[in-house]
Amino acid sequence: MSSGVEADIALDAAVIASLGLVRVMGGAAGLAATGTGALAALAEGRAEAQAERLREAQQLEETVGEVLNRTARIAALAQSARDHGVAVELPVPIEVAGRSAEELAAWITEADARLAVAEESLAATIAEAATGRIFEAAARSLRATPENGRSAAAPRPTASPDELTRLLRRLAPDAADADRRAVTEAAEQAAHAPTASEAEGRLTEVRIRIQDANERARERRDGRAAALRFLRELEGHPAADSVRPRLGEVADGARPFDQGLRAEAARLVEEAQRQAEQRYVAEVLRAAFGELGYEVGEGFETLTAQDGEAVLTRGDWPQHAVKVRVDGTRQVRMALLRTEPAESDEQRRLDVEREEQWCASFDAARERLAEAGVHADVRWRVEPGTQRLPVTERQRSGRQQNERRRELGG
């Protein structure tokens, strides 16, 4: 081991997935409420256990995504029902925080069954109303005479109401107004077609427009679900204040999810994940060295910042400390320092003894880090006794000031 060391840090996939899951589960709620211990539990153990915990975390995250998809669908159908003045019974959205994968999966199964009934009922009601309006307009045209402003009667409808209703029921209940108008326009042309062959051709156009409308409706639902997920993942993120209102508009169906907003939200989520990983590494370092008898300085929280530093001390080490420097989640640098200059051979002998103790502590800490899913692969080291220990910057600054005062006769 060494008195100075630089190590590359790598996080287990289970830890990375768990940190992402915490955000999806709603910030401090649910899994996050159990703290770092729960995250470490997800990552500890050997390869088989880690693979199983990773699978469980990924399964839960996928299940949460499915729940948010249903939530977006419920919101879209509720909005459509209000717009068309139709009463429809919809599932109540579930709060995912604190729920197990089994509980969420059970809700999805029940919600799917109820959504299928609600969607079919709503689509049928809207289709029947649209068909009624189309054929009522056709009937008015047939009743028209020159005396009431028409020079000739319109042709009799060739498509039947039942046929048109069955077709219009395929249109998603939450189709956009513009898409619904385009479908209705094509349906009116089919109803007024002068021949059966022309009616069939126009019905084909209705089918094509319905397919296009349904695809766009699915895209909007997916966008609403993605916005809901981004809102959860960015909860409490201070840099996301300008994004959250716009994401809320997407989730409410008030605006489309354009690529610019999606990219901005994705960038902020990546930043949130990186910060969560930094906090996790700092907390695991704190816990590992705390268990080994080291006291963590008040500045330890700065390890989560760029180029953050902290100092570890021990009660039985009045002349020594360890400076810790973490670069994000990629590297950790640690160095044993003196808190005051070594002025005798006995103090330099003590330095070597402290270096050896620190070596043993670092090896033990690496084992604890690995158990928590943080692997530190040593890049370089300074062996005990190789060089004199540096003095902490604070002590060096104090000596320089004292020397300066002596030079000035102070």
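Going by the structure above, here's the rest.
So, a few notes on the structure that sits alongside this text. In this text, all values refer to a predicted model and were calculated from it rather than measured experimentally. (Residues numbered from 1 in each chain as written. Predicted model: local features only at pLDDT ≥ 70, side-chain atom pairs only at ≥ 80, totals over all residues. Heavy atoms only, no water.)

A few points about the overall build of the chain
Our working definition: For helices the rule is a DSSP run of H or I covering at least 4 residues; for strands it is a run of E covering at least 2, with both sets numbered from the N terminus onward. Partly exposed describes any residue whose relative accessible area lies between the buried limit of under 20% and the exposed limit of over 50%, with all areas from a 1.4 Å probe on protein chains only and scaled to the type maximum. Contact criterion: two residues are considered in contact whenever any of their non-hydrogen atoms come within 4.5 Å of each other. A 1.4 Å probe and the Shrake-Rupley method give the accessible areas. Residues count as covered only by the protein chains that appear here.
Along the backbone of the chain there are eleven helices and six strands. A total of 410 residues make up the chain; the buried ones form 42% of that total. Within the chain, contacts between residues separated by at least 24 positions form 67% of all contacts whose residues are at least 6 apart in sequence. Total accessible area on the chain is roughly 21000 Å²; 48% of this is exposed by carbon and sulfur atoms.

Here's the deal with the nonpolar core
Rules: For the purposes of this section, nonpolar cores are sets of buried Ala, Val, Leu, Ile, Met, Phe, Trp, Tyr and Cys residues that join through side-chain atoms within 4.5 Å.
Formed by 32 residues in total, the largest nonpolar core has its most connected members in Tyr280, Leu285, Phe289, Val322, Val332, Met334 and Trp358. Where this core is concerned, the elements lending two or more residues are β1 (4-11), α1 (13-24), α9 (259-291), β4 (320-327), β5 (331-338), α10 (345-371) and β6 (374-382). Tallying contributions element by element places α9 first for this core, with seven residues.

A look at the environment of arginine 221
Spelled out, the test is: What qualifies as a polar contact is a pair of N or O atoms within 3.5 Å, subject to a donor-acceptor requirement within protein and to the restriction that residues adjacent in sequence count only when both atoms come from side chains.
On the secondary structure map, arginine 221 appears in helix α7 (residues 196-233). Of the residues examined, arginine 221 reaches a relative accessible area of 14% and is grouped as buried. What arginine 221 contacts, discounting residues up to four positions off in sequence, is Ala72, Arg73, Ala76, Glu119, Ala172 and Asp174. At 2.8 Å, the side chain of arginine 221 forms a polar contact with the side chain of aspartate 174.

Description of the pattern of salt bridges
This is how it is decided: The rule for a salt bridge is simple: a side-chain nitrogen of Lys or Arg has to be within 4 Å of a carboxyl oxygen of Asp or Glu.
The tally for this structure, following the rule as stated, stands at 34 salt bridges. Notably, a salt bridge pairs arginine 354 with glutamate 353, separated by 3.6 Å at the nearest N-O pair. Taking relative accessible area as the criterion, glutamate 353 reaches 30% and is therefore assigned partly exposed. Each of Glu6, Asp8, Arg333 and Arg379 takes part in a single network of salt bridges with overlapping partners.

Quick notes on the packing of aromatic side chains
Rule in force here: Two aromatic rings from Phe, Tyr or Trp, using only the six-membered ring of Trp, form a pair when their centres are within 6.5 Å; if the ring planes differ by under 30 degrees the pair is stacked, by over 60 it is edge-to-face, and anything between is tilted. Only Lys NZ and Arg CZ are tested; either one counts as a charge over a ring when it is within 6 Å of the ring centre and within 35 degrees of the ring normal.
Summed over the entire model, instances satisfying the criterion amount to six aromatic pairs. A ring pair is formed by phenylalanine 289 and tryptophan 358, whose centres lie 5.6 Å apart and whose planes are at 25°; its orientation type is stacked. Placement of the pair is phenylalanine 289 in helix α9 and tryptophan 358 in helix α10, with a sequence separation of 69 residues. Tryptophan 358 carries the same exposure label as phenylalanine 289, and that label is buried. The structure contains a cluster of three or more aromatic residues connected by ring pairs, namely Phe289, Tyr294, Trp317, Trp358 and Phe362. Here arginine 314 stacks its cationic end above the ring of tyrosine 294, 4.8 Å away from the centre of that ring. For the cation-ring pair, arginine 314 lies above tryptophan 317, with the distance from its terminal atom to the ring centre recorded as 5.5 Å.

Here's the deal with the side chain of glutamate 271
Structurally, glutamate 271 can be placed in helix α9. Discounting chain neighbours no more than four positions away, the residues touching glutamate 271 are His237 and Ala239.

Some thoughts on the packing of α7 against α9
Let me state the cut-off plainly: Interaxial angles span 0 to 180 degrees and are taken between N-to-C directions of axes, which are lines fitted to C-alpha atoms, for helices over the stretch in contact. For a crossing to be left-handed, the near helix must be turned anticlockwise from the far one by less than a right angle; the clockwise case is right-handed. Nonpolar residues are Ala, Val, Leu, Ile, Met, Phe, Trp, Tyr, Cys and Pro. Charged residues are Asp, Glu, Lys and Arg, and all others, Gly as well, are polar.
One can describe the packing of α7 onto α9 by two numbers: an axis separation of 10 Å at closest approach and a directional angle of 30°. When the axes of α7 and α9 are compared, the crossing they make is left-handed. Across the interface between the two elements, Gly223, Ala226, Phe230 and Glu233 from α7 touch Arg262, Ala265, Ala266, Val269 and Ala272 from α9. Among the residues making up the contact of α7 with α9, the classes are represented as six nonpolar, one polar and two charged.

Notes on the environment of leucine 68
The topology assignment puts leucine 68 in helix α3 (residues 47-84). Taking the C-alpha atoms as reference, leucine 68 lies 9.9 Å from isoleucine 108; in sequence the two are 40 residues apart. The residues contacting leucine 68, other than those within four sequence positions of it, are Ala225, Leu228, Arg229 and Arg232.

Considering the packing of helix α8 (residues 244-251) against α9
For clarity, the cut-off: Here roughly perpendicular refers to angles of 65 to 115 degrees, roughly parallel to angles under 35, roughly antiparallel to angles over 145, and oblique to all remaining angles.
Interaxial distance between α8 and α9 falls to 11 Å at its minimum, and their mutual angle equals 125°. By the angle between their directions, the pair α8 and α9 is classed as oblique. Note that α8 runs across α9; the crossing there is left-handed. Contacts between α8 and α9 involve Arg246, Leu247 and Val250 from the first element and Leu261, Glu264 and Ala265 from the second. A per-class count over the contact of α8 with α9 returns four nonpolar, no polar and two charged.

So, the side chain of glutamate 277
Where we set the bar: By the counting rule applied here, Lys and Arg register as positive and Asp and Glu as negative, while His and the ends of each chain are not counted.
Within the secondary structure layout, glutamate 277 lies in helix α9. Of the side chains with opposite charge, arginine 23 lies nearest to the buried glutamate 277, which makes no salt bridge, at 6.9 Å. Not counting the four nearest positions on each side in its chain, glutamate 277 is found in contact with Leu11, Ile16, Leu19 and Thr329.

Topic: the environment of glycine 236
Among the secondary structure elements, glycine 236 is positioned in the loop between α7 and α8. For the pair glycine 236 and alanine 272, spaced 36 residues apart in sequence, the C-alpha separation works out to 9.8 Å.

Description of α8
Rules: Directions are taken from the helix axis to each C-beta atom, and the arc is the one they span.
Inspection of α8 places Leu247, Gly248, Val250 and Ala251 among the buried residues, and these make up the whole buried set. Buried residues of α8, viewed axially, fall in a sector of 160°; they line one side. Buried residues along α8 sit against α7 and α9. Of the residues one or two after α8, glycine 253 is the one with positive phi, at around 80°.

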